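# Observations on chain architecture
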Amino acid sequence: YISVTGVQTCALPIYGITADLGEASGSSFSSSGIYLAWNDQGDVINIRDSIAGVTLPTQIRSYSWSLADNGLIAYQGPDLNIYMYSSGQTTQITSGSLYQNLNPLTDGINTAFVVADQSCQNCTDRTNSLWLHTGGANIQLTQPIPAGNLTSISPKTDYLLNRGWVAFTKSPGGYQGVQVW
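Residues numbered from 1 in each chain as written. Predicted model: local features only at pLDDT ≥ 70, side-chain atom pairs only at ≥ 80, totals over all residues. Heavy atoms only, no water.

## Describing the pairing of strand 8 (residues 73-76)
Worth spelling out the cut-off: Accessibility here uses a 1.4 Å probe with only protein chains present; expressed as a share of the type maximum, an area under 20% marks a residue as buried, one over 50% as exposed, and anything in between as partly exposed. The secondary structure listing takes helices from DSSP runs of H or I that are at least 4 residues long and strands from runs of E that are at least 2 residues long, numbered from the N terminus. We treat two strands as partners when DSSP finds at least two bridges between them.
Side-chain alternation along strand 8 places Ile73 and Tyr75 on one buried face and Ala74 and Gln76 on a second face that is also buried. Across three bridges, the pairing between strand 7 (residues 65-67) and strand 8 is antiparallel. Residue pairing for strand 8: serine 66 is matched across the bridge by alanine 74. Once strand 7 ends, the chain turns through five residues before running back antiparallel as strand 8, passing glycine 71 with a positive phi of about 90 degrees.

Here is the structure:
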């Protein structure tokens, strides 16, 4: 478990021994499998392997990220593209200047993310859609919906991943409620 004190110091008890992980920034903590990840005071994502007892700073500065059981991190870069980081290697999985790629969520096999269309002159016309990266391709899961609509897309609310499977919500036609797919 993680304990956070008033000065935002992060500690992880491992086999009865508490490891001081240093100061953390904000509330960006995640644990999955044997891994723990958090943003430090310099906003860099750190990954802790609790079995090896090793903490690795990734040099990645992002507050929109997801940690998988295998230690893979999917994150939103400063250029609003989605990247995957594993064992010191970074792979870009999206590209495009007319789109913002947001809110990645990964299970270590697949990565889901939101694509926001920024090509509009009047941003009230902006749309969002849900996409899935399967390792070899990016697949659109939902048709674009108006971003201001009550059905805008949020991770862990509108989409979840587990062991290669994805569950997500979408409107079957129009914007009158949603179904789980």
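## Quick word on the pairing of strand 17 (residues 165-170)
Bridging between strand 16 (residues 159-162) and strand 17 involves four bridges; their strand directions are antiparallel. By the bridge assignment, leucine 160 is partnered in strand 17 with alanine 167. In sequence, strand 16 turns back onto strand 17 through a hairpin of two residues, with arginine 163 there showing a positive phi of about 50 degrees. Two elements, strand 17 and strand 18 (residues 179-180), share two bridges in a ladder whose sense is antiparallel. In the strand pairing of strand 18, lysine 170 is matched with glutamine 179.

## Observations concerning the side chain of serine 30
To be explicit about the condition: Residues are treated as being in contact if the distance between any of their heavy atoms lies within 4.5 Å.
The topology assignment puts serine 30 in strand 3 (residues 17-32). Sequence-distant contacts of serine 30, that is, excluding residues within four places in its chain, are made with Tyr35, Leu36, Ala37, Trp65 and Leu67.

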